[in-house]
Amino acid sequence: MKNSLVLSSFCLVLLAGFTGSCSRKVMKQNNAAPDCINSKIAELSKGGWGCETGESIKQYTFQNKTVYVLEPGTCGNDMAVYVLDANCKDMGFLGGIMGNTKINGEEFANAVYVKTVWSN
């Protein structure tokens, strides 16, 4: 009886491990980003905003600086997209309920896309 209880417990733990691994987010990373951006990537890879798809971090050149745009994915309407500099200093947000299109008084449409650093 004791052996069957141990065996059953082991099987449940093993099964739970397989089930949990199927629900993990896929992490695609495309370069060496600054440490603070890598920290954001690690945070988002563990569940981040909770979106199933569409979360990403993209690199742009804007106002002669490298900036990173954190996109929260497709899990909500009117979600803001955050713009950070290479030191993870918050430069502002785009979109959201206000529909903001400017960072530091300049249209973000002037930014030059460089690459996607991470996406799920």
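Look up: the structure comes first, before these words.
What follows concerns the state of the cysteines. For the structure on display, the rule yields one disulfide. Paired by a disulfide, C36 and C88 hold their sulfur atoms 2.3 Å apart. In this structure the cystine formed by C36 and C88 twists about its S-S bond by roughly 95 degrees; its chirality is therefore right-handed. In this pair, C36 is assigned in helix α2 (residues 35-45) and C88 in the loop between β4 (80-85) and β5 (90-95), connecting sequence segments 52 residues apart. Exposure remark for C36: the relative accessible area of 23% places this residue in the partly exposed category.

We now examine the environment of G92. In this fold, G92 is placed in strand β5. Sequence separation between G92 and V81 is eleven residues; the distance between their C-alpha atoms is 8.7 Å. With residues near it in sequence (within four places) discarded, G92 still touches V81, Y82, V83 and I103.

Right, let's get into the packing of aromatic side chains. For the coordinates displayed, the defined rule picks out three aromatic pairs. A centroid spacing of 5.2 Å and a plane angle of 65 degrees characterise the contact between Y60 and F108, whose relative ring orientation is edge-to-face. You can see Y60 sitting in strand β2 (residues 55-62) and its partner F108 sitting in the loop between β7 (106-107) and β8 (112-119), a full 48 residues away along the chain. The pair Y60 / F108 is uniform in exposure class, with both members buried. For the ring pair F62 and F108, a centre distance of 4.9 Å and an interplane angle of 50 degrees mean the geometry is tilted. Note that F62 is positioned in strand β2 and F108 in the loop between β7 and β8, a separation of 46 residues in sequence.

Each value, and the rule that gives it
Residues numbered from 1 in each chain as written. Predicted model: local features only at pLDDT ≥ 70, side-chain atom pairs only at ≥ 80, totals over all residues. Heavy atoms only, no water. Disulfide = S-S within 2.5 Å. Helix = DSSP H or I, 4+ residues; strand = E, 2+ residues; numbered from the N terminus. Buried < 20%, exposed > 50% of the residue type's maximum accessible area, 1.4 Å probe, protein only. Contact = heavy atoms within 4.5 Å. Phe/Tyr/Trp six-rings, centres within 6.5 Å; stacked < 30°, edge-to-face > 60°.

Any functional reading would require information that these geometric values do not contain.
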